[in-house]
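# Close look at the chain arrangement
The primary structure of each chain is shown beneath.
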Amino acid sequence: MQANAPFKLPQPEAPALAHSERVAAFLREQIRAGGGSISFAEYMQAALYAPGLGYYSSGTRKFGEQGDFITAPELSPLFSRVLAVQVSSVISQTGSGSILELGAGSGVLAVDVMRRLAELDSLPERYCMLEVSPDLAERQRSYIAAELPGEFSRFEWLDQLPVAFDGVVVANEVADALPVERFTKSDAGIEQLRVAVADDGFAWLRAPAPPLLAEAVEQLERYLGQAFEPGFTSEISLALPAWIDDVCSCLARGFVFLFDYGVSRRELYAVDRTSGWLRCHYRHRVHDDPLILPGIQDLTTWVDFTAIAQAASDAGMSVAGYVTQAHFLAGGGIDAELQALADAPDSDRMDLLRQVKLLTLPDEMGENFKCMGLARGELAIPSGFAFGDRAHVL
Ligand SMILES: C[S@@+](CC[C@H](N)C(=O)[O-])C[C@H]1O[C@@H](n2cnc3c(N)ncnc32)[C@H](O)[C@@H]1O
């Protein structure tokens, strides 16, 4: 057993600490019920989504400057406006399309996309939301009702994926929020990193990998053409292929836009990446100890875009493009959207330029964030995928 190292972060306020202690008590109970340990995927699932307790399921502020991290649609309406033009190009081909947004967070992307679609006279029949967190779904409803009262009747919150959906599916930073397993290679073989109770919180526990995880890691090794070296530690999301299969299977015709930070499988499991890609966000600080501050910090991993492409292809969809966020925004016309916003009478041009830089510079969100487009049916590929396609690296 290996105790987690102390890490210096801003001190949480008393109510946040009290909430985290309730989440910790819930996790200790799960661990007790699990016979002394749980898999990291179970820990992550509970820490993020346990009803009323998990990071996304309790009422704390997560997004934006007052929260723990900032996403592209929270950073700037330019992101959503470019996406809206891309969505419009698909809807105009499918004729009667709707939009389905997965994991919409605060609802800001939905509002900005619909505003731009209204300007383009291209409003969808329905804008459906599927959100696992009841708390966030409620916040989305209030925000959209306040911002878009005239279009509120087009919105619908779903409990599950629809059947034979026709239109466009959008998900920004959802795949990275799915639970992952952690594994390590030792002389004994593939081991699962599990979570146990320690005197001062939680600690890692190594155990032989259960068959499903061992088989998934062996498959990775076969794909990469070499076995991982002893000591190599990383993550794998067993939930991701199933989620992509479900999303693709619900689409009768149309297009999926998936945005996330991630890389190809070969980059994700490069030999020198010996401790994985798991990251924790707390008040705009990034660190790598997921066992502290349960329920009040975000847990996330970089996404295996090869896994997404494979699962989509298995579900009968084609990869229409895989580009960096910078390429997507450039191909999708961020210059025209910038011009339109900058021309507005009350515009803050310097702030808009700052937003463009953060969205597109390689060291900011421009390169680590990717957009993957998945298509079902004969559709012209949206212009966001016109430059810099990297599908060959998948
Ligand atoms: C990192 S946040 C991103 C929020 C928002 N899309 C944005 O860009 O600001 C992840 C979101 O995905 C939601 N989520 C996680 N798993 C999900 C799933 N399987 N289906 C739908 N939403 C999910 C979370 O509750 C949360 O709203």
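Residues numbered from 1 in each chain as written. Predicted model: local features only at pLDDT ≥ 70, side-chain atom pairs only at ≥ 80, totals over all residues. Heavy atoms only, no water.

## Some remarks on the nonpolar core
Inclusion rule: By convention a nonpolar core is built from buried Ala, Val, Leu, Ile, Met, Phe, Trp, Tyr and Cys residues, the set being connected through side-chain atoms within 4.5 Å. For the exposure calls, accessible area comes from a 1.4 Å probe over protein chains only, and a residue counts as buried if that area is under 20% of its type's maximum, exposed if over 50%, partly exposed in between. What counts as a helix is a DSSP run of H or I of at least four residues, what counts as a strand is a run of E of at least two, and both are numbered from the N terminus.
Among the nonpolar cores identified, the biggest contains 64 residues, and Phe183, Phe257 and Phe328 are the most heavily contacted of them. Here this core takes eight residues from helix α4 (residues 77-94), the largest share from any one element. Residues Leu100, Leu130, Val303 and Ile308 belong to the second largest nonpolar core, which totals 32 residues.

## Describing the packing of aromatic side chains
To keep things clear, this is the line we draw: Centres within 6.5 Å are what make two rings of Phe, Tyr or Trp a pair, Trp counting through its six-membered ring; a difference in plane orientation under 30 degrees is then read as stacked, over 60 as edge-to-face, and the rest as tilted. Counted as over-ring charges are cases with an Arg CZ or a Lys NZ within 6 Å of the ring centre that also lie within 35 degrees of the ring normal.
For the coordinates displayed, the defined rule picks out 23 aromatic pairs. Taking 5.4 Å as the distance between ring centres and 45 degrees as the angle between the ring planes, the aromatic pair formed by Phe40 and Trp204 counts as tilted. On the criterion of sequence distance, the pair formed by Phe40 in helix α2 (residues 40-49) and Trp204 in strand β9 (residues 201-208) is long-range, its members being 164 residues apart. Here the two residues Phe40 and Trp204 agree in accessibility, since each one is buried. With a centroid separation of 4.5 Å and 5 degrees between ring planes, the pair formed by Phe228 and Phe232 is classed as stacked. In this pair, the class of Phe228 matches that of Phe232, namely buried. Grouped by ring-pair contacts, the aromatic residues Phe79, Phe255, Phe257, Phe259, Phe328 and Phe385 constitute a single cluster. Against the face of Trp204 rests Arg182, its NZ or CZ located 5.0 Å from the ring centre. The ring centre of Tyr223 lies 4.9 Å from the NZ or CZ of Arg265, which sits over that ring.

## Overview of the sheet that holds strand β14 (residues 298-300)
This is how the line gets drawn: Strand pairing is assigned whenever DSSP identifies at least 2 bridges connecting the two strands. With axes taken as lines fitted to C-alpha atoms, and helix axes fitted only over the stretch in contact, angles between N-to-C directions fall between 0 and 180 degrees.
The sheet built from three strands is open, its strands ordered β13-β12-β14 with antiparallel pairing. In the strand order of this sheet, the two ends are held by β13 (285-287) and β14, each with one partner. When strand polarity is set aside, the average angle formed by the axes of neighbouring strands in this sheet is 25 degrees. Where strand β12 (residues 279-282) lies against β13, three bridges are found, and the strand directions are antiparallel. Bridging from a neighbouring strand, Cys280 pairs with His287 of β13.

## Structural notes on the environment of Phe228
Keep this limit in mind: Any two residues whose heavy atoms approach within 4.5 Å at even a single point are treated as in contact.
Mapped onto the elements of the fold, Phe228 is located in the loop between α7 (211-224) and β10 (233-236). Apart from residues no more than four positions distant in its own chain, Phe228 is found in contact with Phe183, Lys185, Val217, Leu220, Glu221 and Tyr269.

## Observations concerning helix α6 (residues 134-147)
The following threshold applies: The span you would expect from a helix comes to 1.5 Å times its residue count less one. Here, the arc refers to the directions that run from the helix axis to the C-beta atoms.
With 14 residues, α6 should cover 20 Å at 1.5 Å per step; its first-to-last C-alpha distance of 20 Å lies within 8% of that length. Among the residues of α6, Leu136, Ala137, Gln140 and Ile144 are the ones counted as buried. Taken down its axis, α6 places every buried residue within 100 degrees of arc, on the same side. Relative to its buried face, α6 has exposed residues pointing more than 90 degrees away, namely Pro134 and Ala146. Tucked inside the fold, the buried residues of α6 contact α5 (108-119), β4 (127-130) and β5 (155-158).

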